[in-house]
Amino acid sequence: MLRILGFAVIAFLLSASVASAQPARELFGAMHQPTTGPEVPVGSYAKGCIAGAVQLPSDGPGWQAMRLSRDRRWGSAELVSYIGALAQSAAQDGWPGILVGDMGQARGGPMASGHASHQIGLDVDIWFERMPDYKLSADERESLSARSMLKKGTRDIDPKRFGEAQRLLLYRAAQLPGVARIFVAPGIKRSLCSTTWRDRSFLNKIRPWYGHDDHFHVRLDCPAGVELCVNQAPAPAGDGCGAELDYWFTDEPYKPSTSPPAPPLTLADLPKACTAVLKAD
Ligand SMILES: [Zn+2]
């Protein structure tokens with residue numbers, strides 16, 4: 001009897017250690033239903049999960065969601081209403097509607113491809129491409145591609161693609177309440193910096209980053225009062241148009257890294273509450 005118990009304990013310990021070494025992206029990537037109960041973004045943007053996420057409908061007034069097969073249209077209620085609000089706000093400038101890229105997974109968490117963040121239901125990618133004036137088919141939503149706003153082989157915008165309309169879209173996106181940061185390619189930030197604005201304060205939230213030349217990435221603040229949700233430190237004061245932006249036009253940020261790639265996140269790397277979020281009904 002004792003021996004059987006001993007085996008059982010060893011088997012349990014082995015399976016537990018296998019489970020804990022399994023990349024969290026596999027565990028969260030397999031979840032296609034949110035937890036029931038209240039919304040709780042847990043942890044930080046690149047190390048967390050979300051309970052009680054809601055799904056963005058595939059279509060709404062002024063927006064259409066892309067890449068439906070990825071099942072990454074989940075997020076906080078705040079994020080879903082932000083998308084609707086942005087579509088409405090941008091329409092005032094004549095923007096014909098927004099194409100919505102990835103949000104997060106049904107329970108958030110790390111993803112098998114594409115993003116380090118987007119884990120707690122507060123990040124969304126929005127295409128720079130205009131929404132067409134008809135309802136896209138499911139196939140088109142898979143196959144249409146987002147074009148880069150940069151001149152081929154450069155870090156600068158192509159003014160034929162990125163102009164006043166796109167700048168105003170970003171202005172609108174940054175003005176809405178609850179926005180923590182918006183990530184764009186350095187060339188896009190530079191184009192915004194060299195534009196005359198009545199109020200430049202929105203530039204503080206527009207942050208240069210790798211990629212982000214065919215879409216921009218909106219990151220919302222943690223909802224008020226959610227203690228498990230960890231905000232990023234606020235962006236440094238100022239418009240970020242000086243030395244900080246210049247750095248992105250040097251070779252420095254594009255040097256290959258000398259440190260080995262970080263191993264994929266496991267459940268143990270995430271806040272403890274994320275294990276409960278993963279296991280919950
Ligand atoms: Zn993104």
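Just above, that's the structure.
Owing to the predicted nature of the structure, the values given are computational and were not obtained by experimental measurement.

Undergrad: Got a sec to walk through the coordination of the zinc ion? Specific residues and values, please.
TA: Looking at the zinc ion, one finds its protein donor set to be H118 (NE2), D125 (OD) and H217 (ND1), positioned 2.0 to 2.4 Å from the metal centre. Positions of the donor residues of the zinc ion, expressed as sequence spacing, correspond to H-x6-D-x91-H. Neither residue differs from the other here; H118 and D125 are each classed as buried.

Undergrad: Just give me the short version of the pairing of strand β11 (residues 215–220), but keep the residues and values in it.
TA: For β11, the tally of buried residues reaches 6 of 6 residues, placing the bulk of the element in the interior. Side chains H215, H217 and R219 project from β11 onto one buried face, and the interleaved F216, V218 and L220 project onto a second face that is buried too. Examined bridge by bridge, strand β9 (residues 179–184) and β11 share 4 bridges and lie antiparallel to one another. Of the residues in β11, the one forming a bridge with F183 is H217.

Undergrad: Provide a residue-level description of the packing of aromatic side chains, including the pertinent values.
TA: For the structure on display, the rule yields 12 aromatic pairs. Aromatic side chains Y171 and W197 sit 5.3 Å apart centroid to centroid with 10° between the ring planes, which places their arrangement in the stacked category. With Y171 in helix α5 (residues 164–175) and W197 in the loop between α6 (186–193) and β10 (206–208), this pair connects stretches of sequence that are 26 residues apart. Given the relative accessible area of 23%, Y171 is considered partly exposed. In this structure W197 comes out as buried when scored by relative accessible area, which is 15%. Their ring planes at 75° and their centres at 5.3 Å tell us that W209 and Y210 sit as a pair that is edge-to-face. Accessibility expressed as a relative area gives 42% for W209, which makes it partly exposed. Among the aromatic side chains, those forming a connected cluster through ring pairs are F183, W209, Y210, Y247, W248 and Y254. The ring centre of F249 lies 3.6 Å from the NZ or CZ of R190, which sits over that ring. Stacked on the ring of Y45, the Lys or Arg R219 has its end atom at 4.3 Å from the ring centre.

Undergrad: Kindly report on the nonpolar core, identifying the contributing residues and their values.
TA: Of all hydrophobic cores here, the largest spans 47 residues; its most connected members are I98, L170, I182 and F216. Those elements giving two or more residues to this core turn out to be β5 (63–65), α3 (77–91), β7 (98–100), β8 (123–127), α5, β9, α6 and β11. Sort the elements by how many residues they give to this core and α3 lands first, with 6 residues. Excluding residues within four positions of it along the chain, L170 makes contact with F128, F162, I182, V184, I188, L192, F202, I206 and F216. Counting 12 residues, the second largest nonpolar core, distinct from the first, contains A24, M31, L267 and C274.

What counts as what
- Residues numbered from 1 in each chain as written.
- Predicted model: local features only at pLDDT ≥ 70, side-chain atom pairs only at ≥ 80, totals over all residues.
- Heavy atoms only, no water.
- Donors = N, O, S within 2.8 Å, 3.2 Å for Na, K, Ca; no water.
- Buried < 20%, exposed > 50% of the residue type's maximum accessible area, 1.4 Å probe, protein only.
- Helix = DSSP H or I, 4+ residues; strand = E, 2+ residues; numbered from the N terminus.
- Pairing = 2+ DSSP bridges.
- Phe/Tyr/Trp six-rings, centres within 6.5 Å; stacked < 30°, edge-to-face > 60°.
- Lys NZ or Arg CZ within 6 Å of the ring centre and 35° of its normal.
- Core = buried A, V, L, I, M, F, W, Y, C linked by side-chain atoms within 4.5 Å.
- Contact = heavy atoms within 4.5 Å.

Taken by themselves, the reported measurements are silent on function.
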